[in-house]
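# Notes for the structure review
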Amino acid sequence: MTQAVSIPIQDHDLLTGMRSFLTAIMEKSGIDAILVPARLSVKNRIMPMLISDPACLTEADPLSPAFPVNAAQQLTRLTRQPAGGRLAAVLRPCEVRAFNELVKLNQGRREDVLIISLDCPGALSNSDFRTFADGYDSLDAASRAFAATAFSSAPAGDLPEVTSACRACDHPVCDGGDIGIERFGDDQATDPVARAHTESGQAALTGLDFPPPQAPAEGRKAAIQSILAVRRRYRDGMFAEVAEATNTIPALSTYLADCVNCYNCRGACPVCYCTTCVFSTDTFRHEPFQYVQWARRKGEIKMPTDTLFFHLTRMAHMSCACVGCGQCTNACPNDIPLSDLFTYVARHTQGAFDYRAGLDINARPPMNGFEEEEYPEIVGL
Ligand code: SF4
Ligand code: SF4
Ligand code: SF4
C-alpha cells in the first residue's frame, strides 16, 4: 500500500497540479462525485460544488482563500444515508474536524467518503474575499497569488488578512482526514506530497500513477512549529481580550448587544447539531402580556428578547464540539466577534474533558457519556 506520493507541478503552478491530482483520484480510485471548492459558472465566486464529471475539475479551486460555508454541513447531507456511489471531499482541516464531530452524532458517515485536506494558511471573511478577488483579473490569478504568499518560505502564521479564527487556529494541517496534501515549509522547488493518514487514503494513493515523494521536506516541521508559535501568541492575546470583555453578565450582554436574533450564526455553525432548535419553536414566542410585564418590571427591555439566553444555550450545547472555524463571525450581519468568544469558551470546556473536537474520530464526545466518578467536587458525590 502506498503511504505517500508526489504531486507533479509544472512551472510552480500548484493550482493546475491540484486539479490534475483530483482528476486522477476521481478516475482511478472509483470516485463518483467529489465535493470541492470550485468556481461558480454563473458568477465569479467560489462555493463548495459536487462534481461528478472530471472535466469540471478545471473549475476546482482548493487553494482559494474563500470560505463561504463550513462544508462539513454539506457533506452530512451527502452521507447521512448511502449516496449510491463513492464520494470524495476536499475540506479545510476545520471542516474535517467538524465533519468528524457530526459523524459521532450520527449525522454523517465516513464509510463512503474519501476525505482530502490541504495544509491551510487560513481564509478570508466573505466581504474581505470579495475585495481581494475583485483586485485580480480572474479567480485563478487571485488563488495563485494568495497561495504564493501563504506558502512562501516566510511562514504563513500571521497573514494579516485572514480571519481572526484562522490567525488563532492551531490545527491547520490534515488531522482526521484520509489524505493530507503537505505544503507548509515547502520551498516551491519540490513537488507537494500527498500523504495517506488512513487505510482508505493508502488504497486511493495506491491506485494512482504518481511518483514517490522526492526528498523529505525538511523545513516542514520547523515551518509548522513557527506558524503555531505565531498563532498561539495571537490566540492567547485574543483570549485575554475576550476574558476581560465578557467576565460578568453585564459585560457579556454588552459584547452581544448588537445581536438581533437573526440566528445566522447558528445556521452557519457546522456543529450546531440540533435538527430543531428550541429558539425556533413557540417556547420563545412569548405571550404579549409577558413582554409588557418584563418592561414594567425593568422600565425597558431590548426587543428582540432572549439574546443572551440564546447564546448561552448554544454554547452549552456545542462548545465541546466547536472547531474554531470562524463561520459564526463570518455569518453575523452585525460584526459580532462570536468565534473569538466561542473558541475561548470551547478551549475551557474541551480542556476540562481533555478533548479536542474532531481530531480523533474514535474519541467519545464528552456530553455523550456519563462517568460516575467524574468531577465529584462539582456533582457533590
Ligand atoms: S480555522 Fe484553521 S483550518 Fe479552518 S480555515 Fe482557518 S486556518 Fe484553516
Ligand atoms: S448572527 Fe449575529 S445578529 Fe444574528 S443571531 Fe448570531 S450574533 Fe445575533
Ligand atoms: S461556534 Fe463558530 S467557530 Fe465554533 S464551530 Fe461553530 S461556527 Fe465554527
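Below is a summary of the structure that appears in this document. (Residues numbered from 1 in each chain as written. Chains lettered and ligands numbered in written order. Predicted model: local features only at pLDDT ≥ 70, side-chain atom pairs only at ≥ 80, totals over all residues. Heavy atoms only, no water.)

### Some points on the nonpolar core
A general trend in soluble globular proteins is that nonpolar side chains are found buried together. Among the nonpolar cores identified, the biggest contains 59 residues, and Leu-75, Phe-129, Leu-338 and Leu-341 are the most heavily contacted of them. Ranked by residues supplied to this core, first place goes to helix H3 (residues 93-104) with six residues. Counting residues domain by domain, this core receives three or more from each of domain 1 (4-227) and domain 2 (248-379). Those residues in contact with Leu-75, other than ones at most four positions away along the chain, are Leu-35, Ala-89, Leu-91, Phe-99, Val-113 and Ile-115. Counting 39 residues, the second largest nonpolar core, distinct from the first, contains Val-5, Ile-9, Leu-118 and Phe-184. (Core = buried A, V, L, I, M, F, W, Y, C linked by side-chain atoms within 4.5 Å. Buried < 20%, exposed > 50% of the residue type's maximum accessible area, 1.4 Å probe, protein only. Helix = DSSP H or I, 4+ residues; strand = E, 2+ residues; numbered from the N terminus. Domains from an automatic or database assignment. Contact = heavy atoms within 4.5 Å.)

### Points about the packing of aromatic side chains
Here the structure, examined in full by the defined rule, presents twelve aromatic pairs. Measuring from ring centre to ring centre gives 5.4 Å for Phe-279 and Phe-310, while their planes differ by 80°; the resulting arrangement is edge-to-face. Here the residue Phe-279 occupies a position in the loop between helix H10 (264-268) and helix H11 (288-298), and Phe-310 occupies one in helix H12 (residues 307-318), the gap between them amounting to 31 residues. A single burial state applies to Phe-279 and to Phe-310, both of which are buried. Between Tyr-291 and Trp-294, the ring centres sit 5.9 Å apart and the planes meet at 85°, which makes this aromatic pair edge-to-face. Of this pair, Tyr-291 and Trp-294 both sit in helix H11, separated by three residues, roughly a single helical turn. Every member of this aromatic cluster is reached through a ring pair, and the members are Tyr-263, Phe-279, Phe-284, Phe-309 and Phe-310. Positioned above the aromatic ring of Phe-67 is the side chain of Arg-92, whose terminal nitrogen or guanidinium carbon lies 5.0 Å from the ring centre. Over the aromatic face of Phe-342 sits the side chain of Arg-314, whose NZ or CZ is 4.5 Å from the ring centroid. (Phe/Tyr/Trp six-rings, centres within 6.5 Å; stacked < 30°, edge-to-face > 60°. Lys NZ or Arg CZ within 6 Å of the ring centre and 35° of its normal.)

### Observations regarding the packing of H12 against helix H14 (residues 338-352)
Two measures define how a pair of helices packs: the angle their axes make with one another and the distance between the axes. At a minimum axis distance of 10 Å, the contact between H12 and H14 shows a crossing angle of 45°. It follows from the interaxial angle that H12 and H14 lie oblique. Considering only the axes of H12 and H14, their crossing is right-handed. Taken together, the residues of H14 that come into contact with H12 (itself represented by His-311, Arg-314, Met-315 and Met-318) are Leu-338, Leu-341, Phe-342 and Val-345. (Axes fitted to C-alpha atoms, helices over the stretch in contact; angles between N-to-C directions. Parallel < 35°, antiparallel > 145°, perpendicular 65-115°, else oblique. Left-handed = near helix turned anticlockwise from the far one by under 90°.)

### Topic: the environment of Ala-203
Along the chain, Ala-203 falls in helix H7 (residues 199-206). Between the C-alpha atoms of Ala-203 and Gln-73, which are 130 residues apart in sequence, the distance is 26 Å.

### Things to note about the pairing of strand E3 (residues 46-51)
Note that strand E2 (residues 33-39) and E3 share six bridges and pair antiparallel. The partner of Arg-39 across the bridge, within E3, is Ile-46. In sequence, E2 turns back onto E3 through a hairpin of six residues. (Pairing = 2+ DSSP bridges.)

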